[in-house]
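Listed below, chain by chain, are the residues.
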Amino acid sequence: MEKRLFISCLLTVLFCLPAMAQEVVVSGRVTSSDDGSALPGVSVQIKGTTRGTSTDATGNYRINVPSDARLVFSFIGFANQEVGVDNQTTINVAMQASDKALEEVVVVGYGTQKRASLTGAIANIQGRELVNIPLANLGNQLQGQIAGAQITNQNGRPGAPAFIRIRGVGSLNAGSDPLYVVDGVPVTADAYQAIPTTAIDQISVLKDASSVSIYGSRGSNGVILVTTRKPSPTEGPRVEVNLRYGVSEKTPDNFELMSSQQKLQYEYDLGYANSYVADYLRTKNIASITSATPADLQPIWNELNAQSVNWLDVLLRQGKQHTETINLSGGSEKLSYFLGLQNYGEQGINNGSDYRRQIGTLNLEFRPYKWLRAGQTVNVSVRNETLLRDRNNAQSPFRAMYTYNPYEPEFNPDGSYNLTHQGFSISEAIVNNPEKSRTLNGLATGYVGITPIENLDIRSTIGLNYIDFAREYYIKPGSILDQYVGDPSAPGSKTDNGSTNFNYIWTNTAQYNFTLADRNNFRLLGGTEFTKNSFKSYSLGTKGFPSSNVNTQDNASTPTQATTGKSDWALYSLFARLNYDFDQKYLLEASVRRDGSSRFGANNRYGTFWAVGLGWNLKREAFMKDVAFISNLKIRAAVGTAGNFNIGNYQSLGLYGYGSYGTSSSAVPTQLANPNLTWERSQSTNLGVEFDMFNQRLRGVVEVYNRDTKDLLLFVPLSNVTGFSSRLENVGSMNNRGIEADLAYDLVRTKDVRWTLRGNITLNRNRITALYNNTEIPNGLSRYVVGQPIDVYFLNRWAGVNPANGDAQYLNKNGEVTNVFSSGDAVTLNGKSPDPRYYGSIFNTVSFKGLALSAQLYYSGGNYIYNNIWQTLVSDGANRASQQAAFALDYWKQAGDNSPNPRPTGVTRTTDRFLQKGDFIRLRNVTVSYSVPNSLLRSIGFKRPASTSDQFSDVTFFLQGQNLFYRAAEYKGDPEVGIGSGEGNANALRGGLISIFSYPTVRSYTAGLNIAF
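In this text the structure is predicted, and so the values were computed from the model without any measurement. Along each chain, numbering runs from 1 in the same order as the chain's sequence is written. Residues qualify for local features only when their pLDDT is at least 70, as the model is predicted, and side-chain atom pairs are given and counted only at 80 or more; totals for whole chains, interfaces and linings, by contrast, use all residues. Here the side-chain values reflect all heavy atoms present in the structure, with hydrogen atoms and water set aside.

Caption draft 1: Just the UniProt feature "domain: TonB-dependent receptor plug" (unreviewed entry) in the chain, in detail. UniProt positions are given in the numbering used here, feature names are shortened, and annotations may be inferred rather than shown by experiment. UniProt's entry tags residues 117-223 with the feature "domain: TonB-dependent receptor plug" (unreviewed entry), counted in the numbering of this structure. Split by type, residues 117-223 is 12% helix and 28% strand. Its first and last C-alpha atoms lie 19 Å apart. A run of H or I in DSSP becomes a helix once it reaches four residues, and a run of E becomes a strand once it reaches two; helices and strands are each numbered from the N terminus.

Rendered as structure tokens:
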């Protein structure tokens, strides 16, 4: 009886459900009422639920809905539109453009705000705008996209990070990198750069005090906020597949190297006999090369010319890269998810250079009740690299490709490696001295949020960032390098080193929104934050390996070194923010943060940072309502402070080093305490204007800023009686000021055609305003000088070539011409520094129905670069044993010659002769794409399987070129210089200061396919 009753009830429910909730399939197209053009990405949602979909690249949508439902259409820049279904199966919508672009939600520190209510300088870019850029590193993908952010690739190595400077260089010794925050968790640059763009919702770049002061002691160099894609409930799972394959090559140089014949003739003219020629002279009983005639040498020259090689071709190859990405998202009203998996591989353009990375992302959000929500974001990446030595010596393949002579073959006739004139074979070293690294990066956040009363949100978040790095460098027994630096009694050596970095952060916030008298809108935020970081490192070394195939440390015969280290720091913070607006017309934002850091002296461990911002939405004024051609006009201003705490963990403490004294242990003071040491502080002001005109055809933002940084950290000399040479103190100040603008104009905006021209520019001026006793501080090729930009060059001045005798000429300190070089005649070169005075991009985008063409030109200028590569290749005979540039042939030979190069004396001097302007323009990116209409897909039977919708929301093919062309009028080589050399000194690692020999810049060509359904 009970069984029959259960079956009857079940059947009743099954038959009644369809009647209770009859659904229809609704499809249609969403366009702009202004020009009839399709609107992709419009949100189409069933009112009162979290179910919905979005329009595809051609504006089409398809959704299952209850027959009596209402659909809400929303899109940035357009007014929301609500339509009743009423059993209709086709609903086409023409959306009205409006100033609702101001209601775009922007991620800010510890929350979000509508763009209309912002008083700070915040640039925002959507993740989908970066998806097709074929670079492994997120920082490089942003280059040129944001006014005020100077982004330079460190070099062309696969996966190499970028230098990011927001509104100028912010410090001398405490670092100028911005703070990176991913899903609310401050992370390392390494963790930030590893986030795949396919998992990013949006990126916000905070540039002024009003926006960064909420981050207090870590915000002075700007803040980059990355928000990964959050789960969004849909009518069913949404799948995205991105496939990409490309090839790459070295960007061409704008100069030529000598041919084999030219180089042999050059050596003869300079009286130099290479090893081949010297052997030949001995067999012919010719005393020296100066005794030989060209006819005497022609046989050996012919032999050497016959074996001529291009070392660029030998050491370089066609690079390859591929990316496979799949994302899955969906859920219900209570639980939603986003899952992303990506595999990236790149074969570098240099032999022996490879990069592989796998990334997994899982974001979940749970909403069991209206007042309770919880969620998590997890991103795990594993990166494996095979590396090449990036140091300016014989071990560098980047130097070898330029300096190996064209008549030196890679292999000897017997098949062994040719040691070249350097006594070394870089080809052999790549094989027998392998270096590799592995990095595991884990980033996770978990949060719980409650809304105990209306408009009050309380949230607690735990964030974790874990990085595990391991490197191996093996000099195989019997290798050429082992024969030079190894121990013959214990051949072969191995170094293993690595580190773990664990950072956790606990953030608690409460936000309350309320309105008084209908037009006074308040938003109050308060919070606490605790951060703890632990770092551990190790290094192991051994020698004596039985075979080149055995390379683990336990198989070595003798340990050579074993070290470990650890450090930690902590930060505790209280912060608050007030946002107020009167009728969305007059805006006020005020924030304050109190930080306490373990890094600073006992007397200055705590600091308070604040900011105030004001805004005026003029378009909401009565006197502007009749100004029809202006749809938005806002003026904003802000002033505030921020800090920089990147000084190392124990700089304020008195430290001791431990060692031995005879047979006993000993302790020796190594650092003098400074209990007054504190963070660098910056105070900045910003004035900005935002506008939209001519029915939003013209859009723009213009900013003027000034940033004063004081309490710069510098090592101050101490009297020898103290037992110490210097101590870190807060003694300097610096200023950055500038203008930035971002403008866009729709040249054509019709139903089928859209042509948009956009450009941005940043002008920045940097000056040091105070130093300890206002003394000049040497820094290699540059100096810190009051009244000059940071790292102004300090060099001897070149005065050309004396046409009478071919002598190199210089200017002495008094500006008088002399042929005597003296390092004491070096002077500060007024205003000449490695940092550009201007930079920006020009974007041109044209679309016709589903076909689109876009191009980006990037430009930069006003900076100078010391070109050590050119000095090496035009060395006045100093490097006559090595390959030289063809330009070196143009040297003085007889009286009256007006040549750019002096007579070769075998000496090259470091002067401003090799200091070259770094102005350039580069065709950064060209993309051609085609989005296939859904009607065509359905007509050929290409349908989505087993779904409530049979359409693909996006099928796009694209072709792309990266770094296709550059023009540098006064610089020899590629002028986009990051590091000079990866294993060099401070000058070599300082971005843009000197160009040595590093991994070359890459030009790439990519084809891809994006599918979403």
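So much for the structure itself; the text now carries on.
Caption draft 2: Spotlight on the packing of aromatic side chains. Two aromatic rings, drawn from Phe, Tyr or Trp (for Trp, its six-membered ring), form a pair once their centres lie within 6.5 Å of each other, and the interplanar angle then sorts them: stacked below 30 degrees, edge-to-face above 60, tilted otherwise. Inspection of every chain in the model, using the stated rule, returns 32 aromatic pairs. Between Phe 398 and Tyr 999, the ring centres sit 5.2 Å apart and the planes meet at 50 degrees, which makes this aromatic pair tilted. Linking Phe 398 in helix H9 (residues 397-403) with Tyr 999 in the loop between strand E49 (994-995) and strand E50 (1002-1012), this pair joins segments that are 601 residues apart in sequence. Through pairs of rings, three or more aromatic residues link up here, namely Phe 255, Tyr 402, Trp 870, Phe 887 and Phe 997. The rule for a charge over a ring is simple: NZ of Lys or CZ of Arg within 6 Å of the ring centre, and within 35 degrees of the ring normal. Sitting over the face of the ring of Tyr 447, Arg 459 holds its NZ or CZ atom 3.7 Å from the ring centroid. Above the plane of the ring of Trp 798 lies Arg 913, whose end atom (NZ or CZ) is 4.6 Å from the centre.

Caption draft 3: A look at the environment of Thr 709. Within the element layout of this structure, Thr 709 appears in strand E33 (residues 698-717). Contacts: residue pairs with any heavy atoms within 4.5 Å of one another. For Thr 709, the contacting residues outside a window of four places in its chain are Gly 170, Arg 681, Ser 682, Gly 732, Ser 733 and Met 734.

Caption draft 4: Region of the structure containing the pattern of salt bridges. A carboxyl oxygen of Asp or Glu within 4 Å of a side-chain nitrogen of Lys or Arg is what we treat as a salt bridge. All told, the structure shown has 45 salt bridges when counted by the stated rule. Salt-bridge contacts for Glu 82 lead to Arg 70; the nearest nitrogen and oxygen are separated by 2.7 Å. Remark: Arg 70 occurs in strand E5 (residues 70-75) and Glu 82 occurs in strand E6 (residues 78-84); sequence separation between them is 12 residues. Exposure categories follow from relative accessible area, calculated using a 1.4 Å probe and restricted to protein chains: below 20% of the type maximum is buried, above 50% is exposed, and the middle band is partly exposed. Residue Glu 82 is classed as partly exposed on the basis of its relative accessible area, which comes to 35%. The salt bridge partner of Glu 976 is Arg 922, with a shortest N-O separation of 2.8 Å.

Caption draft 5: Quick peek at the nonpolar core. Formed by 45 residues in total, the largest nonpolar core has its most connected members in Tyr 793 and Tyr 866. Elements with a minimum of two residues in this core: helix H8 (311-315), H9, helix H10 (426-432), strand E23 (456-475), helix H11 (480-485), strand E38 (792-795), strand E45 (864-867) and helix H12 (868-873). In terms of residues, this core owes the most to one element, H9, which gives four residues. Not counting the four nearest positions on each side in its chain, Tyr 866 is found in contact with Leu 781, Tyr 793, Leu 795, Gln 871, Arg 909, Thr 910, Thr 911, Phe 914, Leu 915, Leu 993, Ile 994 and Ser 995. Nine residue types can take part in a nonpolar core, namely buried Ala, Val, Leu, Ile, Met, Phe, Trp, Tyr and Cys, and a core is a set of them joined through side-chain atoms within 4.5 Å.

Caption draft 6: Broad picture of the packing of helix H5 (residues 260-269) against helix H7 (residues 294-306). Contact geometry of H5 with H7 gives a least axis separation of 10 Å together with a crossing angle of 145 degrees. The two elements H5 and H7 meet at a crossing, and its hand is right-handed. Between H5, through Ser 260, Gln 261, Leu 264, Gln 265 and Tyr 268, and H7, the contact on the second element is made entirely by Pro 294, Leu 297, Gln 298, Trp 301, Leu 304 and Asn 305. Angles shown run from 0 to 180 degrees and are taken between the N-to-C directions of axes, each axis being a line fitted to C-alpha atoms and, for helices, limited to the stretch in contact. Handedness of a helix crossing follows the sense of rotation of the near helix relative to the far helix, less than a right angle counterclockwise being left-handed and clockwise being right-handed.

Caption draft 7: Structural view of the packing of helix H6 (residues 275-283) against H7. For the pair H6 and H7, the least separation of the axes is 10 Å and the interaxial angle reads 140 degrees. With respect to H7, the element H6 is oriented oblique. As for how H6 packs across H7, the hand of that crossing is right-handed. Residue-level inspection shows Tyr 276, Val 277, Tyr 280 and Leu 281 of H6 in contact with H7, the latter providing Asp 296, Leu 297, Pro 299, Ile 300, Trp 301 and Leu 304. Looking at the contact of H6 with H7, its residues break down into nine nonpolar, no polar and one charged. The scheme is simple: roughly parallel for angles under 35 degrees, roughly antiparallel for over 145, roughly perpendicular for 65 to 115, oblique for anything else. Think of it as three bins: nonpolar holds Ala, Val, Leu, Ile, Met, Phe, Trp, Tyr, Cys and Pro, charged holds Asp, Glu, Lys and Arg, and polar takes everything else, Gly as well.

Caption draft 8: Region of the structure containing the sheet that holds strand E13 (residues 179-182). Between any two strands, pairing holds if DSSP finds at least two bridges. With mixed pairing, five strands are arranged side by side in an open sheet as E10-E15-E16-E13-E14. Edge positions in the sheet fall to strand E10 (122-126) and strand E14 (185-187), since each of these pairs with one other strand and no more. Shown here is a sheet whose adjacent strand axes are inclined to one another by a mean of 25 degrees, direction ignored. The pairing of E13 with E14 spans three bridges and is antiparallel. Opposite Val 182, over in E14, you have Val 185 as the bridge partner.

Caption draft 9: View of the side chain of Arg 749. With respect to the helices and strands, Arg 749 occurs in strand E34 (residues 726-749). Only 2.7 Å separates the side chain of Arg 749 from the backbone oxygen of Asn 695, close enough to count as a polar contact. Here a polar contact means two N or O atoms within 3.5 Å. Within protein one must be a hydrogen donor candidate and the other an acceptor candidate, and residues neighboring in sequence count only if both atoms are side-chain atoms.

Caption draft 10: How the structure looks around H5. Burial in H5 covers these residues: Ser 260, Lys 263, Leu 264, Tyr 266, Glu 267 and Tyr 268. Trailing H5 by a residue or two, Gly 271 shows a phi angle of about 75 degrees, which is positive.

Caption draft 11: View of the sheet that holds strand E46 (residues 915-917). Strand order in this open sheet of three strands is E46-E45-E49, and the pairing throughout is mixed. The open sheet is flanked by E46 and E49, the only strands paired with a single partner.

Caption draft 12: How the structure looks around unusual backbone geometry. Of note, the phi angle at Asn 87 is positive, near 65 degrees, even though the residue is not glycine. Among the secondary structure elements, Asn 87 is positioned in the loop between E6 and strand E7 (93-95). Given a relative accessible area of 53%, Asn 87 falls into the exposed group. The backbone of Asp 876 sits at a positive phi, close to 55 degrees, despite the residue not being glycine. Along the polypeptide, Asp 876 turns up in the loop between H12 and E46.

Caption draft 13: Geometry of the side chain of Glu 267. For Glu 267, the position within the fold is in helix H5. Dropping the residues within four chain positions of it, Glu 267 is found in contact with Tyr 272, Asn 274, Asn 405, Tyr 407 and Arg 880.

Caption draft 14: Representation of the pairing of strand E24 (residues 493-516) in the model. Inspection of the sheet shows E23 paired to E24 by 20 bridges, in the antiparallel sense. Across the sheet, residue Ile 462 finds its bridge partner in E24, namely Trp 506. Strand direction decides the pairing type here: E24 and strand E25 (residues 520-543), joined by 24 bridges, are antiparallel. The partner of Thr 509 across the bridge, within E25, is Gly 527. Here E24 folds back onto E25, and the loop between the two strands holds three residues, one of which, Ala 517, carries a positive phi near 55 degrees.

Caption draft 15: Up close: H6. Of all the positions in H6, only Val 277, Tyr 280 and Leu 281 are classed as buried. Down the axis of H6, the sector holding all buried residues measures 100 degrees, keeping them to one side. Set apart from the buried face of H6 by more than 90 degrees, the exposed residues are Arg 282 and Thr 283. Against the buried residues of H6 lie H7. Measuring from the side-chain oxygen of the N-cap residue of H6 to the backbone nitrogen of Tyr 276 gives 2.9 Å; that N-cap residue is Asn 274. One or two positions beyond H6, positive phi appears at Asn 285, with a value near 60 degrees. What the arc covers is the set of directions going from the helix axis to the C-beta atoms.

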